[in-house]
Protein chains: 2
Amino acid sequence: MRVYVSAPGKVTLFGEHAVVYGQPAIVTSIDRRVHVFAEPRSDGAVTIEARDLRTPGVRVTYREGEVTVETDYGLVLPAISYLHKAVEVASSYLGSRHGVKLVVQSEMPVGAGLGTSAAVAVATVAAYAYSGGYELSKDEIARLGWEVEKKVQGIASPMDTSIVTYGGFMRIRYSGEEVERVSLRVGAELPILLAYVEREFRTGDMVRMVRERVTRYPQLYGRIIELVGEVVGAAERALLNHDLEELGLMMNLNHGLLDSLGVSTRRLNEVVYAARSSGALGAKLTGAGGGGCVIALSRPEKMGVVEAVMGFLSEFTMRTSLGSEGVRVEVGEKTGGAALTRTTCLRSSWCT
Amino acid sequence: MRVYVSAPGKVTLFGEHAVVYGQPAIVTSIDRRVHVFAEPRSDGAVTIEARDLRTPGVRVTYREGEVTVETDYGLVLPAISYLHKAVEVASSYLGSRHGVKLVVQSEMPVGAGLGTSAAVAVATVAAYAYSGGYELSKDEIARLGWEVEKKVQGIASPMDTSIVTYGGFMRIRYSGEEVERVSLRVGAELPILLAYVEREFRTGDMVRMVRERVTRYPQLYGRIIELVGEVVGAAERALLNHDLEELGLMMNLNHGLLDSLGVSTRRLNEVVYAARSSGALGAKLTGAGGGGCVIALSRPEKMGVVEAVMGFLSEFTMRTSLGSEGVRVEVGEKTGGAALTRTTCLRSSWCT
């Protein structure tokens, strides 16, 4: 049957990098989503059409391991591999394989640290299962999505796949296969600005560099990691109290500690400081650093100015509200068509 | 008798702000100096001529509390007040007052955090005493110089007056009137680049802001302060081993922690990151922050590029070698004249 699944992107509000060492982090979903439409195929083939993964359009078909990609963009294959692996992981888990046409579309750029790959993995796992007539719990979807990320990347944190599955605000902590998730009830709207600057270093390089420093100087970098954990605690209280000033202060503090770890860059700092000096209550890099996204918290009346300044200094800026719904599955003839129309129209809102 | 005294400027290599909370800091003298020439006057009057304290020239005369300043520059009086108080403190300590003509000239800008006021205080105390036929030990000079700073500023750290008196590299720690100074034997030359960006906040404001944060969040900001103390320890080892890479890493780490405390600014970060990305081994703000100076450590072959980039982004840049001689007193007819000629020619090297 036809299925339309969407999953949100995410941002790490507090605790990136430190989360790798067992400290808690606070993550949240954003209101930009990845959309996956699935329709069973009677011929047993799996076709993947990626309408907007940072490319103008691409068509991939594979049957029994043979893959045809109709595009000349090098960035596409990595993104497609999440869909590919999601089908593999889901069909192996379900113990059944069926042909399916998958159409994927993203409202967010790939590789910006917004969890696009987790959203693709999670949405595709769900879309594949439901299109074959199966149902999955959120726990199952999150776990299978994590499997997909591990298979594609070799190593992966359960953070992204958790938050894009459940949505909302979440305090997460993990160690090995153990994952502790606490949903945070944040009553009010929390709009933020996101700005993207081109990545100079890859996530893996950043994680490795921090690892080397923590190992070599445990009394210095190891203690920064612990301190980030403390900041996460204070930030959680500020978040639950909706104390925006304190939340902003904690963002600034967390950014400084990330800078101490060595994962900020000149351009990230430029955007962070420009946001602060144009009126943001707080600003920090989000994710692995070495480029990528900056988030800024601002009172509504200052949003326009902060956005303009951040936009001037970055590749693109967008406003987003936080804590939106996690993975959403709609089954039936009508929903599929509506979804596609909707994603097509949303596309123009962040790029081109 | 005629006396020529000079005292060096200083930079804080590691530990600014944390030193206020009893942590150690590493300070060093630079090769730019303040020069004070003193000549007794038989009429009992004290005249002060400030040839270059960020102004084109100014003449101040005072006699029994009556002060005449021949200039219209608002910045001059604060600088003059260090000379004024130095005469007061020295004559009160010596129990004798004599007339003197004082000529002061600086190779460094006032207010850049390079310890100019401490150098003025220390050099003037010594010049006044020696011109009256007295001798002072370095301990006495340092202590009286600190008195001068306290009298002018209300509150002052003994750090600046200590390092400009003794010169070299020094680990310093203090609590109330207790000052612990350890001279560090750094064998090799250590050239650095200094860049100045205009101050947006005053030292007092920065110190107060940090104080409020440490008081309000001891588990966060208080621990950053402690961590800075650890960085100072590691930096001292790197300095003694002449391990420039590690020294640079510790500079970056210290800068990140200062950023966490909230004392960096957009422009300071801009210069810091530009220095790093143009080849510096490390770069950090030095002093209270909120503007002021950035120091960068670079291998000799990269100096030119780093200097050019820092110069482009700052009000001025200068190379300096560290650890130069502390306060120096020369007595006699000839020395005084030589000093004045020398400072006049040096002046053009940093400003105008």
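Calculation notes
- Residue numbers run consecutively from 1 along every chain, following the written order of its sequence.
- Whichever chain is written first is A, and whichever ligand is written first is 1; the rest continue in order.
- In keeping with the model being predicted, local features are shown solely for residues with a pLDDT of at least 70 and side-chain atom pairs are shown and tallied solely at 80 or more, while totals for entire chains, interfaces and linings include all residues.
- Hydrogens are left out, water is left out, and the side-chain values use all remaining heavy atoms of the structure.
- The quantity called pLDDT is the predictor's confidence in a given residue, expressed from 0 to 100.
- Here, residues are in contact when the closest pair of their heavy atoms is within 4.5 Å.
- By definition, any uninterrupted DSSP run of H or I lasting at least four residues is a helix, any uninterrupted run of E lasting at least two residues is a strand, and each is numbered from the N terminus.
- Definition of a polar contact: a pair of N or O atoms within 3.5 Å, with one able to donate and the other able to accept a hydrogen when the atoms are protein atoms, and with sequence-neighbouring residues admitted only if both atoms are side-chain atoms.
- Only the six-membered ring of Trp is used, alongside the rings of Phe and Tyr, when aromatic pairs are assigned; centres must lie within 6.5 Å, and planes under 30 degrees apart are stacked while those over 60 apart are edge-to-face, with the rest tilted.
- Throughout, exposure labels follow a simple rule: accessible area from a 1.4 Å probe, protein chains only, divided by the maximum for the residue type, with under 20% read as buried, over 50% as exposed, and the rest as partly exposed.
- Counting as a charge over the ring demands two things of the Lys NZ or Arg CZ atom: a distance within 6 Å of the ring centre and an angle within 35 degrees of the ring normal.
- Least-squares superposition aligns the copies on the C-alpha atoms of those residues with pLDDT at or above 70 in both.
- Within this document, salt bridges are pairs made up of a side-chain nitrogen of Lys or Arg and a carboxyl oxygen of Asp or Glu, the two lying within 4 Å of each other.
- For any pair of parts, buried area is found by adding up, for both, the accessible area (1.4 Å probe) each one loses once the two are put together.
- Residues are grouped as follows: nonpolar covers Ala, Val, Leu, Ile, Met, Phe, Trp, Tyr, Cys and Pro; charged covers Asp, Glu, Lys and Arg; every other residue, Gly included, is treated as polar.
- For every element, the axis is a line fit to its C-alpha atoms; helices are fit only across the contacting stretch, and the angle between N-to-C directions ranges from 0 to 180 degrees.
- Any angle that falls under 35 degrees is termed roughly parallel, while one over 145 is termed roughly antiparallel, one within 65 to 115 roughly perpendicular, and all others oblique.
- By definition, turning the near helix anticlockwise from the far helix through less than a right angle yields a left-handed crossing, and turning it clockwise yields a right-handed one.
- By this definition, two strands are paired if DSSP reports at least two bridges between them.

## Quick notes on the confidence of the model for chain A
Residues and elements named next belong to chain A.
And step 1. Counting all residues, the mean pLDDT for chain A is 88, and 86% of those residues have values of 70 or more.
And step 2. Between residues 335-352, whose pLDDT stays under 50, and residues either more than four places distant or in other chains, the model counts 33 contacts.
And step 3. Across the predicted assembly, pTM comes out at 0.85 and ipTM at 0.81.

## Quick look at the side chain of Lys284(A)
All names here are of chain A.
And step 1. Relative to the assigned elements, Lys 284 resides in strand 10 (residues 282-286).
And step 2. Looking at Lys 284, its side chain comes within polar contact range of the side chain of Glu 16, at 2.8 Å.
And step 3. With near-sequence residues (within four places) excluded, Lys 284 lies in contact with Thr 12, Leu 13, Phe 14, Glu 16, Met 251, Asn 254, His 255, Leu 258, Val 272, Cys 293, Val 294 and Ile 295.

## Some details on the packing of aromatic side chains
And step 1. Scanning the entire structure with this criterion turns up 4 aromatic pairs over all chains.
And step 2. Aromatic pair Tyr196(B) and Phe316(B): ring centres 5.6 Å apart, planes at 25°, arrangement stacked. Of this pair, Tyr196(B) sits in strand 9 (residues 191-197) while Phe316(B) is found in strand 12 (residues 316-321), placing the two residues 120 residues apart along the sequence.
And step 3. Take Tyr196(B): its relative accessible area is 5%, and that puts it in the buried class.
And step 4. With a relative accessible area of 13%, Phe316(B) lands in the buried category.
And step 5. Sitting over the face of the ring of Tyr273(A), Arg276(A) holds its NZ or CZ atom 4.6 Å from the ring centroid.

## With respect to the relation of the copies chain B and chain A
And step 1. Mapping chain B onto chain A is achieved by rotating through 180° and translating by 0.0 Å along the same axis, at an RMSD of 0.0 Å. Each copy turns onto its partner about a two-fold axis. The rotation axis passes nearest to the C-alpha of Gly256(B) in chain B, at a distance of 2.7 Å.
And step 2. An overlap of 100% is found between the interface residues of chain B and their copies at the interface of chain A, pointing to a shared contact surface.

## Topic: the pattern of salt bridges
And step 1. Going through the model one piece at a time under the given rule, you end up with 42 salt bridges over all chains.
And step 2. The salt bridge involving Lys150(A) is made with Glu177(A); its shortest N-O contact spans 3.1 Å. Of this pair, Lys150(A) sits in helix 3 (residues 138-153) while Glu177(A) is found in the loop between strand 7 (169-175) and strand 8 (178-184), placing the two residues 27 residues apart along the sequence.
And step 3. Between Lys85(B) and Glu88(B) there is a salt bridge, with its nearest N and O atoms 3.5 Å apart.

## Quick look at the interface of chain B and chain A
And step 1. Counting from both sides, the interface comprises 31 residues of chain B and, opposite them, 31 residues of chain A.
And step 2. For the pair chain B and chain A, the summed buried area comes to about 2700 Å², and 58% of that belongs to carbon and sulfur atoms.
And step 3. One can count 6 salt bridges joining chain B with chain A.
And step 4. When the shortest N-O distance is used, the salt bridge between Glu230(B) and Arg223(A) registers 3.1 Å.
And step 5. Summed over the shared surface of chain B and chain A, the number is 12 residue pairs in polar contact (both at pLDDT 80 or more).
And step 6. Class assignment for the residues of the side of chain B that touches chain A results in 14 nonpolar, 8 polar and 9 charged.

## So, the packing of helix 8 (residues 266-277) of chain A against helix 9 (residues 303-313) of chain A
Residues and elements named next belong to chain A.
And step 1. One way to put it is that helix 8 packs onto helix 9 with a least axis distance of 9 Å and a crossing angle of 165°. Comparing the axis directions of helix 8 and helix 9 gives the class roughly antiparallel. Relative to helix 9, the crossing made by helix 8 is right-handed. Counting all contacts with helix 8, which are made through Arg 267, Glu 270, Val 271, Ala 274 and Ala 275, the residues of helix 9 involved are Val 306, Val 309, Met 310 and Leu 313.
And step 2. Broken down by class, the residue content of the contact of helix 8 with helix 9 amounts to 7 nonpolar, no polar and 2 charged.

## Here's the deal with the packing of helix 6 (residues 218-240) of chain A against helix 7 (residues 244-261) of chain B
And step 1. Between helix 6 of chain A and helix 7 of chain B, the shortest axis-to-axis distance is 12 Å and the interhelical angle comes to 25°. Regarding the angle of helix 6 of chain A to helix 7 of chain B, the classification is roughly parallel. In the packing of helix 6 of chain A onto helix 7 of chain B, the handedness of the crossing is left-handed. Across the interface between the two elements, Leu220(A), Tyr221(A) and Ile224(A) from helix 6 of chain A touch Leu249(B), Met250(B), Leu253(B) and Leu257(B) from helix 7 of chain B.

## Regarding the pairing of strand 9 of chain B
Residue and element names in this part refer to chain B.
And step 1. Of all 7 residues in strand 9, 6 are buried; the element is thus mostly enclosed.
And step 2. As defined by bridge partners, strand 9 adjoins strand 12 across 6 bridges and the pair is classed as antiparallel. Across the sheet, the residue bridging to Pro 191 is Ser 321, located in strand 12.
And step 3. Note: strand 9 against strand 11 (residues 292-297), 6 bridges, orientation antiparallel. Looking at the pairing, Leu 193 lines up with Ala 296 of strand 11.

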